[in-house]
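Below, each chain spelled out in residue letters.
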Amino acid sequence: MSTTYLIQNASLLGGDPTDLVLRDGVVAEVGTGLQADGAEVLDATGLVALPGLVDLHTHLREPGREDAETVESGTRAAALGGFTAVHAMANTEPVADTAGVVEQVWRLGREAGFCDVYPVGAVTVGLQGERLAELGAMADSAARVRVFSDDGKCVSDAVLMRRALEYVKAFDGVVAQHAQEPRLTEGAQMNEGELSGRLGLTGWPAVAEEAVIARDCLLAEHVGSRLHVCHVSTAGSVQIVREAKARGVDVTAEACPHHLILTDELAATYDPIYKVNPPLRTRADVEALRGGLADGTIDIVATDHAPHPHEDKDCEWAAAAFGMLGLETALSIVQETMVDPGLLDWAGVAERMSHAPARIGRVADHGQPLAVGAPANVVLYDPAVRRTVDPARSASLSRNTPYRGMELPGRVVATFLRGRPTVLDGALV
Ligand SMILES: [Zn+2]
């Protein structure tokens, strides 16, 4: 028999103190002054209770790059960050472009048990952008794939993108586009601007992202399908998504924590820890992303957690891999950039980091409000403490966090997956 948990005096979505009873995998009771015989009692005074977080964009690296991350290590990091479900991107080795590979990743997630893993299927075979992968077979597999993406690469061929958008309608899937016009970004290293010229690094123009998003919104509108835009990074992209939504296009968009806080000026350090795809942009872009996330133009926060081993990051800028860790710091960055400045309340955080990503990914068992009968996927978060980020304490196999030594607000105290703790007192169970 599983343990019953009585969580006392939690601030539900930042509201008044509330008790929660978690029993048999579900939220059994919600109220005040609750009792539960034989339950483990947790005093959650001062802690915010949120539904378990859902990440639509995680790189777990397995199969193929187990030196960078495994499903087990990545989901341990996810649990520490308050996540109960993650979508694992398809750019593994081999690529997750068949039912066999997505079922392998899905099964590894179940075996590890820290967090549910929903594999993302590749749009094109081998991410080569030449012909469509077996989208239907992945959708019908045990992994029940609903999100398809060539992330890391852009589906730049308009005909392939159109076909993918048409195809996924049959099973209510969504194509998640990594918007990067390849010709406009050949050799690109950082945001294109006055600074890239001064540093002598090839620029990555905003229009390379915006042109693809604009085209894809038009394609999704034309075929009447769902489009999701990965890691929106420019003010212009926010505006394009805003206008498409106003027209009724079925488009959703994500912003990554690092794009909400860091700017391209960090490239002046030539430290590749700040090298990421899409690149860090300007202060004005950061402000536009925060505004878009606040007003709902940007639907969700997704981490784009991208682990890389030391040898792929600790080299000169041009040779270094793109990407940074994100799972263990996402909630703190959102508090720092959105909650503390008053742009978003905790209910808004729950919407953008749990409800909406679960909806977009068509994940029924996550992202539900913490009401009686809901799956007991819960995170307890202490917004009052501050901590200094120490990469050595990360559960990830990689250490490429851009927040090393930074003081950030908040700490995940506990995470429950179907009523079972994966994290207690800030440590893995
Ligand atoms: Zn990407």
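This write-up is about the structure you can find in this document. (Residues numbered from 1 in each chain as written. Predicted model: local features only at pLDDT ≥ 70, side-chain atom pairs only at ≥ 80, totals over all residues. Heavy atoms only, no water.)

**A short note on the side chain of Asp 19**
Right, so step 1: Mapped onto the secondary structure, Asp 19 falls in strand β2 (residues 17-23).
Right, so step 2: One buried charged side chain, Asp 19, makes no salt bridge at all; its nearest oppositely charged neighbour is Arg 23, positioned 12 Å away.
Right, so step 3: Within the local environment of Asp 19, its side chain forms a polar contact with the backbone nitrogen of Asn 9, the two atoms lying 2.9 Å apart.
Right, so step 4: Residue contacts for Asp 19: discarding those within four places in its chain leaves Leu 6, Ile 7, Gln 8, Asn 9, Glu 29, Val 30, Gly 31, Thr 32, Gly 33 and Leu 34. (Helix = DSSP H or I, 4+ residues; strand = E, 2+ residues; numbered from the N terminus. Buried < 20%, exposed > 50% of the residue type's maximum accessible area, 1.4 Å probe, protein only. Lys, Arg positive; Asp, Glu negative; His and termini not counted. Salt bridge = Lys/Arg side-chain N within 4 Å of Asp/Glu carboxyl O. Polar contact = N/O pair within 3.5 Å; in protein donor to acceptor, adjacent residues only side chain to side chain. Contact = heavy atoms within 4.5 Å.)

**Focus: the sheet that holds strand β14 (residues 251-255)**
Right, so step 1: Ordered in space as β9-β10-β13-β14-β15, the 5 strands form an open sheet in which the pairing is parallel. For this open sheet the edge positions go to β9 (147-148) and β15 (300-301), each flanked by a neighbour on one side alone.
Right, so step 2: Examined bridge by bridge, strand β13 (residues 227-229) and β14 share 3 bridges and lie parallel to one another. Bridge pairing links Val 229 to Ala 253 in β14. (Pairing = 2+ DSSP bridges.)

**A few points about the nonpolar core**
Right, so step 1: By size, the foremost hydrophobic cluster in this structure holds 79 residues, and its most contacted members are Phe 148, Leu 331, Val 349 and Met 353.
Right, so step 2: Tallying contributions element by element places helix α6 (residues 206-223) first for this core, with 6 residues.
Right, so step 3: Ignoring sequence-local partners within four residues, the contact set of Val 349 consists of Leu 50, Leu 331, Val 334, Val 339, Leu 344 and Ser 354. (Core = buried A, V, L, I, M, F, W, Y, C linked by side-chain atoms within 4.5 Å.)

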